[in-house]
Amino acid sequence: MAIKIEQVAGLNVPESFIDVIVNAITEGRDSVGVAKAIIINFRDPDYSPEVGGFHPVEVRLEKQATSWQLVYITDFSYQGRFEPELIKEIDVCFSIKQVYHFLTGWLNAREGKELLALFITNFVDYFNTGCYQVTVTTE
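Residues numbered from 1 in each chain as written. Predicted model: local features only at pLDDT ≥ 70, side-chain atom pairs only at ≥ 80, totals over all residues. Heavy atoms only, no water.

**Student:** Sorry if this is basic, but what is going on with the overall build of the chain here?
**Tutor:** Within the chain, the secondary structure is distributed over two helices and eight strands. Across the chain, helices and strands are ordered from the amino to the carboxyl terminus as β-α-β-β-β-β-β-β-α-β. Whereas a compact globule of 139 residues would reach a radius of gyration of roughly 14 Å, the chain reaches 15 Å, a difference of no more than 12%. By its C-alpha atoms, the chain is 45 × 35 × 25 Å across when sized along the principal axes. Residue burial in the chain is summarised as follows: out of 139 residues, 42% are buried. (Helix = DSSP H or I, 4+ residues; strand = E, 2+ residues; numbered from the N terminus. Rg over C-alpha atoms; globule rule 2.2 N^0.38 Å. Buried < 20%, exposed > 50% of the residue type's maximum accessible area, 1.4 Å probe, protein only.)

Below, the structure is given as structure tokens:
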């Protein structure tokens, strides 16, 4: 089954990212079947507040007629000095076409696109190093 991902106008992601997502889905499941949503988690098993590592990333897609649409991409990081917690550091919300960063809140359109481009470029490069364990779940 071919996976077709529709771009969201105004908040496009590069084909290299689409390729990572499609490959994760096809390698992670025999078929998405009748799923209405797909959640892909990318985890560095060595990531911790003490030694750092690659941030966990979660991607959600939802079925639209004959294709899939990105709903969100969320990058998590440990924050806090005494009892670090895993929180959303970057949150890309495709339905409202906005990007959030935990230090500044919702970014304006230009800043959001710039942060998204930088984040996606880094994520694809990190992914290509083999640092992530990938899990795919469907709803």
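**Student:** Sorry, what's going on with the environment of Ile 5 here?
**Tutor:** Within the element layout of this structure, Ile 5 appears in strand β1 (residues 5-6). Residue Ile 5 is classed as buried on the basis of its relative accessible area of 12%. On a C-alpha basis, the gap between Ile 5 and Ile 18 in space is 7.3 Å, while along the polypeptide they are 13 residues apart. Ignoring sequence-local partners within four residues, the contact set of Ile 5 consists of Ile 18, Ile 21, Val 22, Leu 61, Trp 68 and Leu 70. (Contact = heavy atoms within 4.5 Å.)

**Student:** What am I meant to see in the pattern of salt bridges here?
**Tutor:** Opposite charge on two side chains permits them to pair, given that their charged atoms come into close proximity. On inspection of all chains with the given rule, the structure shows five salt bridges. The residue Asp 91 makes a salt bridge to Lys 88 at a minimum N-O spacing of 3.7 Å. What makes Lys 88 partly exposed here is its relative accessible area of 42%. Of the charged contacts in the structure, one is a salt bridge between Arg 110 and Glu 114, with a shortest N-O distance of 3.2 Å. (Salt bridge = Lys/Arg side-chain N within 4 Å of Asp/Glu carboxyl O.)

**Student:** Looking at this model, I keep getting lost on the nonpolar core. Mind explaining?
**Tutor:** In a soluble, globular protein the nonpolar side chains are often hidden away together inside. In this structure, Phe 17, Ile 40, Phe 42, Val 59 and Leu 61 are the most contacted members of the largest nonpolar core, which totals 37 residues. Those elements that place two or more of their residues in this core are α1 (15-28), β2 (37-43), β3 (57-64), β4 (67-79), β5 (85-93) and α2 (109-128). Ranked by the residues each element gives to this core, the list is headed by α1, at seven residues. If sequence neighbours within four positions are ignored, Ile 40 has contacts with Ile 21, Ala 24, Ile 25, Val 57, Glu 58, Val 59, Leu 61, Val 134, Thr 135 and Val 136. (Core = buried A, V, L, I, M, F, W, Y, C linked by side-chain atoms within 4.5 Å.)

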